[in-house]
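One-letter residues, chain by chain:
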Amino acid sequence: MSIGKPMSTESSDLEGQMKARTEAAESLRSRGVNPYANDFRVTHQIAELPVDVSVMTGEDGLTAESPRYAIAGRLVQVNEMGKARFLFVRGDRGEMLQLYVKADNADAFAAAKELGLGDFLGAEGPLFKTRKEKRALKCESLRILTKSIRPLPGKVLQEGSDVTDVGLLYRQRYLDFIVHPDKVEIFRKRARIVSGIRSFFDGLGYVECETRMLLSTNGGAAARPFKTHHNALDIDLFLRIATELDLKRLITGGIDRVYEIGRLFRNEGMDRTHNPEFTTIEFYHAYATYEDLMTLTEQLFEKLAVDVCGSTEIDYQGQAISLKAPFRRATMQELVGEPLTGKALVAAFEQRVEKTLIQPTFVTQHPIETSPLARKNDKDPRFTDRFELFINGREYANAFSELNDPVDQRARFASQVSAKAGGDEEAMDYDEDFCRALEYGMPPTAGEGIGIDRLVMLLTNQASIRDVILFPQMRPDET
RNA sequence: GGGCCCGUAGCUCAGCCGGUAGAGCAGCGGCCUUUUAAGCCGUUGGUCGUGAGUUCAAAUCUCACCGGGCUCACCA
């Protein structure tokens with residue numbers, strides 16, 4: 001654990017508030033109350049408590065037989081009433097419980113008076129219905145569980161005083177979650193999406209594999225890598241920009257269906273849809289073609305949309321998107337509408353067509369010049385058996401029938417190397433071992449990569465990749 | 001990298017045709033034994049992102065820089 005900044009670097013108001021809270025903690029300690037106790041046992045999470053107020057009695061109706069509940073959570077609001085007070089406690093999913101404490105219970109009331117907003121507390125007692133027909137837990141006991149030394153920004157519950165400093169919220173995600181408990185739901189959905197993907201492929205007999213992140217050659221995609229250094233071997237290494245080549249080594253080794261869900265690192269620009277580290281799934285299927293993968297992709301997207309959104313018909317930032325299969329399929333040349341080839345075709349596609357592909361569209365038959373790992377089309381060797389899936393003008397998946405001809409692969413690598421020598425910083429290195437693997441023979445295979453962060457954005461209706469990555473890359477905080 | 005916008009109290013903001021700072025909430029001190037994300041009274045807290053310039057005087061005008069956002073470009 002690192003050493004915190006001394007409080008003297010804070011402004012005087014914050015420093016004053018923190019000093020008061022620190023002294024409050026010390027005061028508790030001096031009276032034998034541990035402000036960081038961990039011996040309180042909850043019987044219920046707040047989300048598990050009964051919610052039907054109509055069957056609850058008023059406070060006067062409570063008896064010794066009324067069920068008791070022991071709950072814990074963070075104090076976010078206090079309504080003081082003189083000799084009584086209501087404490088609003090928030091649980092794991094942002095759900096709230098009101099606690100009612102009266103001066104009659106001297107111990108609990110004294111404990112309540114010493115609590116500050118942001119403190120964690122534990123309380124025990126029965127539920128009742130207030131005069132305003134609201135659920136409340138009458139505290140028979142109440143104690144602090146954790147003292148919060150640093151004040152929460154503003155008043156968590158007050159409308160119109162929302163924290164809007166997005167830099168602060170991304171750097172201090174915990175604070176974001178405290179202030180915006182609904183944002184946690186995005187990440188719960190993300191977890192469902194990832195486990196949904198995993199179960200989809202597991203169910204089809206794929207083997208989940210974990211390949212290297214540190215590599216001595218850069219390849220598998222067109223991107224600039226992060227470099228690092230291994231001291232014991234005294235060699236420079238790259239962080240992987242793709243999982244492709246290692247997964248195809250596994251196909252060569254005889255694992256006919258493999259996938260990897262994992263982090264990739266690309267040393268490039270950042271914007272609404274790019275973060276230097278991001279998550280993909282790549283999967284490889286022996287004896288399949290890129291056309292098989294289009295069908296598979298449709299099934300996956302449909303399943304995830306239904307699981308997470310409840311329907312294949314979703315809204316993304318005001319745009320209605322239908323993830324109902326089948327998706328449109330068209331060759332890049334058809335979409336461009338001109339008999340272009342090579343990089344000119346790709347340039348025309350990116351310039352004129354890409355942004356217009358709102359509904360899911362498989363764009364097939366990419367030129368060989370931009371597809372160094374894809375299999376040539378049998379009828380027209382200027383193109384590859386490849387597709388990219390576009391939705392809302394963005395790329396979601398990239399797939400192809402894999403190039404498994406070692407002679408062809410060597411020629412493609414050689415072309416990449418000369419491109420790199422000519423200044424293309426995103427060109428791949430010549431991966432000799434990968435060529436060797438192909439020389440032993442890799443079965444005919446199709447493979448695909450899907451950007452999971454963008455998929456999560458789509459299915460959770462988030463505009464920025466930073467809203468689906470827990471700790472997005474930020475310039476270091478200098479404060 | 002280009003364009004536009006923003007940076008004032010812990011948080012959200014006002015003040016910006018120049019005269020060295022305000023509000024709400026939070027905090028602190030009081031009052032109130034069923035409140036609604038309470039109410040009432042009082043109160044602490046800011047070298048106004050940093051630096052330079054113009055001026056008798058700068059939060060306010062000018063320039064540079066730093067940080068952030070949006071947008072365009074680049075980018076598989």
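Residues numbered from 1 in each chain as written. Chains lettered and ligands numbered in written order. Predicted model: local features only at pLDDT ≥ 70, side-chain atom pairs only at ≥ 80, totals over all residues. Heavy atoms only, no water.

Engineer: Which parts of the structure should I look at to understand the packing of aromatic side chains?
Structural biologist: Two aromatic rings, taken as a pair, are described by how far apart their centres are and by the angle between their planes. Taken as a whole and assessed by the stated rule, the structure comprises 14 aromatic pairs. Here the aromatic rings of F201 and Y259 are separated by 5.6 Å at their centres, their planes lie at 35 degrees, and the arrangement is tilted. A residue pair is termed long-range when its members are at least 10 positions apart, and F201 in helix α5 (residues 182–203) and Y259 in strand β11 (residues 257–265) qualify at 58 residues. There is no split in this pair, since F201 and Y259 are both buried. (Phe/Tyr/Trp six-rings, centres within 6.5 Å; stacked < 30°, edge-to-face > 60°. Helix = DSSP H or I, 4+ residues; strand = E, 2+ residues; numbered from the N terminus. Buried < 20%, exposed > 50% of the residue type's maximum accessible area, 1.4 Å probe, protein only.)

Engineer: Even after reading the chapter, I still don't get the packing of α5 against helix α12 (residues 452–460), so can you show me in this structure?
Structural biologist: The relative placement of two packed helices comes down to the angle between their axes together with the axis-to-axis distance. Relative orientation of the contacting elements α5 and α12 amounts to 120 degrees, with a least axis distance of 10 Å. With respect to each other, α5 and α12 are oriented oblique. Considering the relative orientation of α5 and α12, their crossing is right-handed. Residues I186, K189, R190, I193, V194 and I197 of α5 touch α12, and the partners they reach there are I452, D453, L455, V456, L459 and T460. Residue composition of the contact of α5 with α12, by class: 8 nonpolar, 1 polar and 3 charged. (Axes fitted to C-alpha atoms, helices over the stretch in contact; angles between N-to-C directions. Parallel < 35°, antiparallel > 145°, perpendicular 65-115°, else oblique. Left-handed = near helix turned anticlockwise from the far one by under 90°. Contact = heavy atoms within 4.5 Å. Nonpolar A, V, L, I, M, F, W, Y, C, P; charged D, E, K, R; others polar.)

Engineer: Explain the pattern of salt bridges to me, please; I cannot follow it from the model alone.
Structural biologist: Counting across every chain of the model gives 38 salt bridges. Here E140 makes a salt bridge to R68, at a shortest N to O gap of 2.6 Å. Of this pair, E140 sits in the loop between β5 (135–138) and β6 (141–146) while R68 sits in strand β1 (residues 68–80), and the two are 72 residues apart along the sequence. By relative accessible area, E140 is classed as partly exposed at 37%. (Salt bridge = Lys/Arg side-chain N within 4 Å of Asp/Glu carboxyl O.)

Engineer: I keep staring at the environment of K343 and nothing clicks. Help me out?
Structural biologist: Mapping K343 onto the fold places it in helix α9 (residues 342–353). A relative accessible area of 55% means that K343 is categorised as exposed. Distance from K343 to P367, taken between C-alpha atoms, is 7.3 Å for residues 24 residues apart in sequence. Not counting residues up to four positions away in its chain, the partners in contact with K343 are E369 and T370.

Engineer: Would you take a moment to explain the sheet that holds strand β9 (residues 227–230) for this structure?
Structural biologist: Adjacent strands of a sheet form backbone hydrogen bonds with each other and so pair up, either parallel or antiparallel. Ordered in space as β8-β10-β9, the 3 strands form an open sheet in which the pairing is antiparallel. The sheet is open, and its two borders are formed by β8 (214–215) and β9, each paired with just one other strand. Of the pairings in the sheet, the one linking β9 to strand β10 (residues 235–239) comprises 4 bridges and is antiparallel in character. Each bridged residue has a counterpart across the sheet, and for T228 the counterpart in β10 is L237. (Pairing = 2+ DSSP bridges.)

Engineer: Teacher, can you tell me more about helix α10 (residues 406–421) here?
Structural biologist: Every α-helix carries 3.6 residues per turn, so stepping three or four residues along brings you back to the same face. For α10, with 16 residues, the first-to-last C-alpha span of 22 Å sits near the 22 Å given by 1.5 Å per residue. Within α10, burial applies to P406, D408, Q409, R412, F413 and Q416. Buried residues in α10, looked at end-on, bunch into an arc of 155 degrees, giving them a common side. Exposed residues pointing more than 90 degrees away from the buried face of α10 are listed as V407 and A421. Sitting at the head of α10, D405 places a side-chain oxygen 2.9 Å from the backbone nitrogen of V407. In the segment just after α10, G423 is the residue with positive phi, at about 110 degrees. (Expected span 1.5 Å × (residues − 1). Arc of directions from axis to C-beta. Polar contact = N/O pair within 3.5 Å; in protein donor to acceptor, adjacent residues only side chain to side chain.)

Engineer: Explain the environment of A344 here, please?
Structural biologist: Mapped onto the elements of the fold, A344 is located in helix α9. What makes A344 partly exposed here is its relative accessible area of 43%. Taking the C-alpha atoms as reference, A344 lies 9.5 Å from P367; in sequence the two are 23 residues apart.

Engineer: What is the right way to look at the nonpolar core in this model?
Structural biologist: The nonpolar side chains of a soluble globular protein tend to be buried with one another. I197, F201, I281, F283, F301, L323 and L459 are the most contacted members of the largest nonpolar core, which has 45 residues in total. Examining the composition of this core, we find that 9 residues originate from one element, helix α7 (residues 290–309), more than from any other. (Core = buried A, V, L, I, M, F, W, Y, C linked by side-chain atoms within 4.5 Å.)

Engineer: Explain the side chain of N218 to me, please; I cannot follow it from the model alone.
Structural biologist: Checked against the element boundaries, N218 lands in the loop between β8 and β9. Residue N218 is classed as buried on the basis of its relative accessible area, which comes to 3%. Among the polar contacts listed, one links the side chain of N218 to the backbone oxygen of A223, at a separation of 3.4 Å.

Engineer: Help me out: how do you make sense of the confidence of the model for chain A in this one?
Structural biologist: Predicted coordinates in areas of low pLDDT are best not read in detail. Residues with a pLDDT of 70 or more make up 96% of chain A, whose mean pLDDT is 90. Predicted confidence is poor over residues 1–10, with pLDDT under 50, and the contacts of this stretch with residues over four places away or in other chains come to 7 contacts. Overall fold confidence for the complex sits at a pTM of 0.90, while the interface term, ipTM, reaches 0.87. (pLDDT = per-residue confidence, 0-100.)

Engineer: What's the story with the pairing of strand β17 (residues 383–391) in this structure? I'm lost.
Structural biologist: Side-chain positions along a regular strand alternate between the two faces of the sheet. Among the 9 residues in β17, 9 count as buried, and that is most of the element. Note: strand β16 (residues 361–367) against β17, 6 bridges, orientation antiparallel. In the strand pairing of β17, H366 is matched with T384. Pairing of β17 with strand β18 (residues 394–401) involves 6 bridges; the strand directions are antiparallel. Opposite R386, over in β18, you have F400 as the bridge partner. The hairpin turn running from β17 into β18, its antiparallel successor, is 2 residues long, and N392 in that turn takes a positive phi close to 55 degrees.

Engineer: Sorry, what's going on with the pairing of strand β14 (residues 319–322) here?
Structural biologist: Judged from the 4 bridges that link them, strand β13 (residues 313–316) and β14 form a sheet pairing that is antiparallel. Paired with E313 across the bridge in β14 is S322. With antiparallel pairing between neighbouring strands as the criterion, β13 and β14 make up a hairpin whose turn holds 2 residues, including Q317 at a positive phi of roughly 50 degrees.

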